[in-house]
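Secondary and tertiary structure notes
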Amino acid sequence: MAPGVLSALLVLGAVFSQEPAPPKALFVVDGAGGFFTCSNAYLRSTATIAPDVQVIPHLWSHGFRRDMADQMDAPHAHRKGEDLASQITNWKNAHPGGKVWLLGHSAGCHVAIHAAAKLPPDSLEKTALLLPSCSTTADIQGALRASRLGVHVWYSEADWFVLGLIMKVSGCGDDRSTSRAAGRFGFQPVPKDPGEIEMMKTRLRQYPWRRDHIQLGHNGGHYGAYRSPFSQLVVLPILFGETVD
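Residues numbered from 1 in each chain as written. Predicted model: local features only at pLDDT ≥ 70, side-chain atom pairs only at ≥ 80, totals over all residues. Heavy atoms only, no water.

1. Observations regarding the side chain of threonine 127
Topologically, threonine 127 is positioned in strand β4 (residues 127–130). In this view, threonine 127 contacts Leu102, Ser147, Gly150, Val151, His152 and Leu239; residues no more than four positions away in its chain are not counted. (Helix = DSSP H or I, 4+ residues; strand = E, 2+ residues; numbered from the N terminus. Contact = heavy atoms within 4.5 Å.)

Structure below.
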């Protein structure tokens, strides 16, 4: 056989022997009110920078414009979190070797955190929480265990209206006795043992809003974290990155 033909056959063999890339999915949990603005924004942004990732919105709201019911009904959020955990499990069973990311916004973070806590350790790649309306002391240990490359939180002290004034009326999603939301001040968990301390050190990453984010479409308010180009240039590169940092 001629050397050139042999080389061509070897190249073709190498190409066809490569295993296909694993399926990938990003589950998105919108904030309160059933507006789907966050999931629609991340559908567009993900299609631009990671077209091989399937974006799957999770339907959980009480209904269109029922913001306060979504924010204040913790048992409902817990049930919808369990539904989401089942949805993720079913997807992974249907796609062996598939990779899953989880992203929540505002009140949807409460649902996302509860879902992640119901999943096995390291079953998620990463979890992103955008301006969460749960309390700074919310229990995120389950989400940390489930997210092998960490829980990544974006917060903003400039979110004075939704996570400031409105929280004083509704209270936080997990604890209505406080209005101090993690979406304004970051999570400040109280670890119960050295294992939880280690989990926080290795898997919790938090990113405050900065004024230079304005040029990327994020003005510090409650909806800036899914504006483009902030979502494309800041959130998704971190979310789909191959390391915790």
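Alright, that's what it looks like, and here's the rest.
2. Things to note about the sheet that holds strand β3 (residues 99–105)
The strand order β2-β1-β3-β4-β5-β6 describes an open sheet built from six strands, whose pairing is parallel. A strand with exactly one partner marks an edge of an open sheet, and here the two such strands are β2 (53–57) and β6 (204–208). Pairwise comparison of adjacent strand axes, ignoring direction, gives a mean angle of 15 degrees for this sheet. Where strand β1 (residues 24–29) lies against β3, six bridges are found, and the strand directions are parallel. Its bridge partner lying in β3, phenylalanine 27 is registered against leucine 102. Sheet contacts for helix α4 (residues 74–94): β1, β2 and β3; angle to β1, the most-contacted strand, approximately 170 degrees. With respect to the sheet, helix α10 (residues 230–239) is in contact with β1, β3, β4, β5 (151–155) and β6, its orientation differing from that of β5 by roughly 155 degrees. (Pairing = 2+ DSSP bridges. Axes fitted to C-alpha atoms, helices over the stretch in contact; angles between N-to-C directions.)

3. Description of α4
Given 3.6 residues to a turn, an α-helix orients residues that are three or four positions apart in the same direction. Across its 21 residues, α4 extends 30 Å between first and last C-alpha, which sits within 8% of the 30 Å expected from 1.5 Å per residue. Taken as a whole, α4 has its buried residues at Ala74, His76, Ala77, Gly81, Leu84, Ala85, Ile88 and Trp91. Against the buried residues of α4 lie β1, β2, α3 (67–72), β3 and α5 (108–117). Between the side-chain oxygen at the start of α4 and the backbone nitrogen of histidine 76 there is a gap of 3.2 Å, and the oxygen is on aspartate 73. (Expected span 1.5 Å × (residues − 1). Buried < 20%, exposed > 50% of the residue type's maximum accessible area, 1.4 Å probe, protein only. Polar contact = N/O pair within 3.5 Å; in protein donor to acceptor, adjacent residues only side chain to side chain.)

4. Some details on the pattern of salt bridges
Should their charged atoms come close, side chains of opposite charge can pair. As enumerated under the stated definition, the model contains six salt bridges in all. Among the salt bridges present, the one from aspartate 52 reaches lysine 24, with a minimum N-O distance of 3.1 Å. Here aspartate 52, found in the loop between α2 (37–49) and β2, pairs with lysine 24, found in strand β1; they are 28 residues apart in sequence, far enough to count as distant. By relative accessible area, lysine 24 is classed as partly exposed at 24%. (Salt bridge = Lys/Arg side-chain N within 4 Å of Asp/Glu carboxyl O.)

5. So, unusual backbone geometry
Along the chain, serine 228 connects to proline 229 via a cis peptide bond; the corresponding omega equals 10 degrees. Along the chain, proline 229 turns up in the loop between β6 and α10. Unlike most non-glycine residues, serine 106 shows phi in positive territory, near 55 degrees. Relative to the elements of secondary structure, serine 106 occurs in the loop between β3 and α5. The residue aspartate 122 is not glycine, and still its phi comes out positive at about 60 degrees. According to the relative accessible area criterion, aspartate 122 is partly exposed, its value standing at 39%.

6. Describing the environment of leucine 84
Mapped onto the fold, leucine 84 is located in helix α4. Measuring from C-alpha to C-alpha, the distance between leucine 84 and histidine 114 comes to 8.9 Å, with 30 residues separating the pair along the chain. Not counting residues within four places of it along the chain, the set of residues in contact with leucine 84 comprises Phe27, Val29, His58, Leu102, Val111, Ala112 and Ala115.

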